Amino acid sequence: MKAKNPCCVYLGDALARYAFGDNHPFGPLRHSAFSDALYQKRLDQFVDVLTPVATTQEILELFHEHDYIEKIKVMSKSGSGFLDLGDTPAFTGMYEAALTIAGTVCNAIDRVLADEYTSAFIPIAGLHHAQRHTAAGFCVINDCGVAIEYLRHKHHVNRIAYIDIDAHHGDGVFYSFENDPDLIFVDFHEDGQYLYPGTGGVSETGKGDARGTKLNIPMPPNADDRLFMKSWPQAEEFLRSGNPEFILVQCGADSIYGDPITHLAYTENVHKHVITNVCHIAGECCGGRVVAMGGGGYNLDNIAKTWTAVVSALIGANKPGNVL
């Protein structure tokens, strides 16, 4: 059956379970903050709301090392200790939560490539710090990396663009594909001199055959919409020249003014602008195919207004008469 809307959004308790407790910045209310806002703004009338989908260990291991996934499974049962040097605590059921995040992103890719939808949004996803062998920065797994490998192994889509506007540099994606000339990487983030993980300098453009296929744009603390918009055309030109077959976007809301652990000062208009323009580029080169992931964000009001702005832009790109 053909979907009634060109965009889908995934919501459900299985996604919300990826959280580190009430007192942690990545807490359990992030999902409901977005979900409540989506319905309050009646955006559910313009998207299909789908339930999350779990995947398998085999799919996680398209990106992650087997021994690391086995470690997650063991620590998921005990729910104690840290998966890294102290940023990412274990919690009971984290393995199942990780399977759901990665599985939901992969399901979105399947549906978009089957032309069931043009675009999709997964709010609790975009865990961009985890590396192939370890957790990092609240990220038990790296669903962005899994998505890239899944596109290639399952769908034979090789030339992929990954855009990241989270306040933190997407280091787990960047360094995993630093030598990969077919991964077009664009990342706006707070300058690593001031914020974790301390990477993503302008000189980091890829290595070997991949040199020149990666664009890092560090932003100074308190960078606002005006400064972002001044820098964005460079990224747009870079993406067009890369001619991707599929586009992934990490839409972290921690780059919005008022986030408790970062220092950027965007409004949600930055995210709406990026998604609108990325969808236009996707329409030119890859049938409009875009999968967007929520990423970071630790101010619940910012999450609500930013991710609904993302969904509004996805709707508007596909239904010009219904720009919200």
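Residues numbered from 1 in each chain as written. Predicted model: local features only at pLDDT ≥ 70, side-chain atom pairs only at ≥ 80, totals over all residues. Heavy atoms only, no water.

- As recorded in an unreviewed UniProt entry, the protein goes by the name Acetoin utilization protein AcuC, listed as coming from Nitrosomonas marina.
- Quoted verbatim from the Pathway (unreviewed entry) field of the UniProt record, the comment on the protein reads "Ketone degradation; acetoin degradation."
- Annotation of the protein in UniProt includes, under Sequence similarities (unreviewed entry), the sentence "Belongs to the histone deacetylase family." (UniProt positions renumbered as here; feature names shortened; annotations may be inferred.)

**With respect to the packing of aromatic side chains**
And step 1. All chains considered together, the criterion is met by 19 aromatic pairs.
And step 2. On the basis of an interplanar angle of 50° and a centroid distance of 6.4 Å, the ring pair of Phe-20 and Phe-138 is categorised as tilted. On the criterion of sequence distance, the pair formed by Phe-20 in the loop between helix 1 (13-16) and helix 2 (30-40) and Phe-138 in the loop between strand 3 (119-122) and helix 6 (143-155) is long-range, its members being 118 residues apart. We note that Phe-20, like Phe-138, is buried.
And step 3. Look at Phe-121 and Trp-307: their rings are 6.0 Å apart centre to centre, the planes differ by 65°, and that puts the pair in the edge-to-face class. One end of the pair, Phe-121, is in strand 3; the other, Trp-307, is in helix 10 (residues 300-318), with 186 residues separating them in the sequence. (Phe/Tyr/Trp six-rings, centres within 6.5 Å; stacked < 30°, edge-to-face > 60°. Helix = DSSP H or I, 4+ residues; strand = E, 2+ residues; numbered from the N terminus. Buried < 20%, exposed > 50% of the residue type's maximum accessible area, 1.4 Å probe, protein only.)

**Considering the side chain of Thr-88**
And step 1. As for its position among the elements, Thr-88 is in the loop between helix 4 (66-78) and helix 5 (94-113).
And step 2. For Thr-88, a relative accessible area of 0% gives the class buried.
And step 3. Of the polar contacts made by the side chain of Thr-88, one reaches the backbone nitrogen of Gly-137; its length is 3.5 Å.
And step 4. For Thr-88, the residues in contact, after removing those within four places along its chain, are Phe-20, Phe-82, Leu-83, Ala-135, Ala-136, Gly-137, Phe-138, Cys-139 and Val-140. (Polar contact = N/O pair within 3.5 Å; in protein donor to acceptor, adjacent residues only side chain to side chain. Contact = heavy atoms within 4.5 Å.)

**Re helix 9 (residues 268-285)**
Note: α-helices contain 3.6 residues per turn, so residues at a spacing of three or four share the same orientation.
And step 1. Here helix 9 is 18 residues long and its end C-alpha atoms lie 26 Å apart, about the 26 Å a rise of 1.5 Å per residue gives.
And step 2. Val-270, His-271, Val-274, Ile-275, Asn-277, Val-278, Cys-279, Ile-281 and Ala-282 are the residues of helix 9 that are buried.
And step 3. Contacts from the buried residues of helix 9 go to strand 4 (160-164), helix 8 (225-242), strand 7 (246-250), strand 8 (290-293) and helix 10.
And step 4. Taken from the residues just after helix 9, Gly-287 is the one with a positive phi, measuring 65°. (Expected span 1.5 Å × (residues − 1).)

**A few points about the sheet that holds strand 6 (residues 214-219)**
And step 1. The eight strands are arranged 2-1-3-8-7-4-5-6 in an open sheet whose pairing can be described as parallel. Edge strands, defined here as strands with exactly one partner in the open sheet, are strand 2 (48-50) and strand 6. If you compare each strand with its neighbour and ignore which way they point, the axes differ by 15° on average.
And step 2. Here strand 1 (residues 7-10) runs beside strand 2; their pairing, made up of three bridges, is parallel. Bridge pairing in strand 2 links Val-9 to Val-49.
And step 3. Packed on one face of the sheet, helix 5 meets strand 1, strand 2, strand 3, strand 7 and strand 8 and runs near 170° to strand 3.
And step 4. Of the strands in this sheet, strand 4, strand 5 (183-190), strand 7 and strand 8 are in contact with helix 6, which crosses strand 7 at around 175°. (Pairing = 2+ DSSP bridges. Axes fitted to C-alpha atoms, helices over the stretch in contact; angles between N-to-C directions.)

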